[in-house]
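Survey of secondary and tertiary structure
Chain by chain, the residues:
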Amino acid sequence: MRYGIIGTGGVARTIADRLVALGHEVTLGSRSKDNEAAVAWAAQAGATGHHGTFADAAAFGEVVVNATPGTVAVEALRAAGAEHLAGKLLVDLSNPLVFSPEGELTLDPVNTDSVGERIQREFPEALVVKTLNTLTAPLMVDPSRLEGEHNVFVAGNDADAKARTVALLGSFGWPAEWVIDLGDITGARAMEMTMPFWIRLMGAFGTTEFNYSFKRAR
């Protein structure tokens, strides 16, 4: 398949590398066509890796992945173009992290809204599914880095879009039974609100290589 990735940071490049390794074609999109990170990534990715603007990536992809920070996600997707998102699965990985000059973390939006919901409202013809925002990039594409069962989440309004996302996660190594469906796109609120806890855990563990594992009563 063809994937368009909005963003050029570490998460974007990790997802792009995995998709190319799986045999897909990927365009990494940035604000400018000559973005240094995107050009360098495409050069090492081979014939199936490309770079371009946000609009180039969104137009190219049969599936679009938002890998920008949550604070700029809607703006970046506006630059990608609503016409390039309409009718497509739009996988949102973003988190609304805001750090004060002193390093204190807050979220914006929070409680009664989420980045996932804002994206879905802004682009009502896109099929937005929130996933993978609750863990570090290497684990997103290789859950076997941790022993045993651990969990990832999906939330979105369209059942078929969520099923397609679960299949994508499966290609990354996530068994379907490890994926927890949190319902419609309002489930993105809970997913995004785990991040202050995640960052505290990162400090306690001294690593980003951990994840949540949930046990249910029989």
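As a starting point, this report considers the structure included with it. (Residues numbered from 1 in each chain as written. Predicted model: local features only at pLDDT ≥ 70, side-chain atom pairs only at ≥ 80, totals over all residues. Heavy atoms only, no water.)

A few points about the environment of histidine 84
- Secondary-structure assignment places histidine 84 in helix H5 (residues 82–85).
- Counting along the chain gives 27 residues from histidine 84 to alanine 57, while the straight-line C-alpha distance between them is 9.0 Å. (Helix = DSSP H or I, 4+ residues; strand = E, 2+ residues; numbered from the N terminus.)

Regarding the pattern of salt bridges
- Here the structure, examined in full by the defined rule, presents 11 salt bridges.
- Arginine 31 is paired through a salt bridge with glutamate 75; the nearest N and O atoms lie 3.6 Å apart. Of the two residues, arginine 31 is situated in the loop between strand E2 (25–30) and helix H2 (36–45) and glutamate 75 in helix H4 (residues 73–80); the sequence distance between them amounts to 44 residues.
- Since its relative accessible area comes to 52%, arginine 31 is described here as exposed.
- For glutamate 75, a relative accessible area of 44% translates into the label partly exposed.
- A salt bridge links glutamate 122 to arginine 78; the nearest nitrogen and oxygen atoms lie 2.9 Å apart. In this pair, glutamate 122 is assigned in helix H6 (residues 115–122) and arginine 78 in helix H4, connecting sequence segments 44 residues apart. (Salt bridge = Lys/Arg side-chain N within 4 Å of Asp/Glu carboxyl O. Buried < 20%, exposed > 50% of the residue type's maximum accessible area, 1.4 Å probe, protein only.)

With respect to H4
- Along H4, the positions that sit buried rather than exposed are Ala73, Val74, Ala76, Leu77 and Ala80. Mapping the buried residues of H4 onto a view down its axis gives an arc of 160°, with all of them on the same face.
- A positive phi of about 100° marks glycine 81, the residue just after H4. (Arc of directions from axis to C-beta.)

Points about H2
- Of the positions making up H2, those classed as buried are Ala38, Trp41, Ala42 and Ala45. Axial view of H2: buried residues confined to an arc of 95°, hence all on one face. Exposed and facing more than 90 degrees away from the buried side of H2 are Glu36, Ala43 and Gln44.
- Measuring from the backbone nitrogen of alanine 37 back to the side-chain oxygen at the start of H2 gives 3.0 Å, which picks out asparagine 35 as the cap. (Polar contact = N/O pair within 3.5 Å; in protein donor to acceptor, adjacent residues only side chain to side chain.)

Comments concerning the pairing of E2
- Within E2, 5 of the 6 residues are buried, which leaves the element mostly enclosed by the surrounding structure.
- In this sheet, E2 lies alongside strand E1 (residues 2–6) in parallel orientation, the contact comprising 5 bridges. If you follow isoleucine 6 over to E2, its bridge partner there is glycine 29.
- Bridging between E2 and strand E3 (residues 49–53) involves 5 bridges; their strand directions are parallel. Bridge pairing links threonine 27 to histidine 50 in E3.
- Following the chain from E2 across H2 to the adjacent parallel E3, one finds a crossover that is right-handed. (Pairing = 2+ DSSP bridges. Right-handed = clockwise from strand over helix to strand, strands pointing away.)

Description of the packing of aromatic side chains
- As enumerated under the stated definition, the model contains 6 aromatic pairs in all.
- Ring plane angle 65° and centroid distance 6.0 Å describe the contact between phenylalanine 153 and phenylalanine 214, whose orientation is recorded as edge-to-face. Within this pair, whereas phenylalanine 153 is found in strand E9 (residues 152–156), its partner phenylalanine 214 is found in the segment after helix H10 (195–205), the two being separated by 61 residues in sequence.
- Note that arginine 2 overlies the ring of phenylalanine 60, its terminal NZ or CZ placed 5.7 Å from the centroid. (Phe/Tyr/Trp six-rings, centres within 6.5 Å; stacked < 30°, edge-to-face > 60°. Lys NZ or Arg CZ within 6 Å of the ring centre and 35° of its normal.)

Things to note about unusual backbone geometry
- Residue proline 109 is reached from aspartate 108 by a cis peptide bond, and omega for that bond is 5°.
- By the element assignment, proline 109 lies in the loop between strand E7 (105–107) and H6.
- Here asparagine 111, not a glycine, exhibits a phi torsion of approximately 70°, which is positive.
- Relative to the helices and strands, asparagine 111 is located in the loop between E7 and H6.
- With a relative accessible area of 53%, asparagine 111 lands in the exposed category.
- Located in the positive-phi region is leucine 132, a residue other than glycine, with phi close to 65°.
- Topologically, leucine 132 is positioned in the loop between strand E8 (127–131) and helix H7 (137–141).

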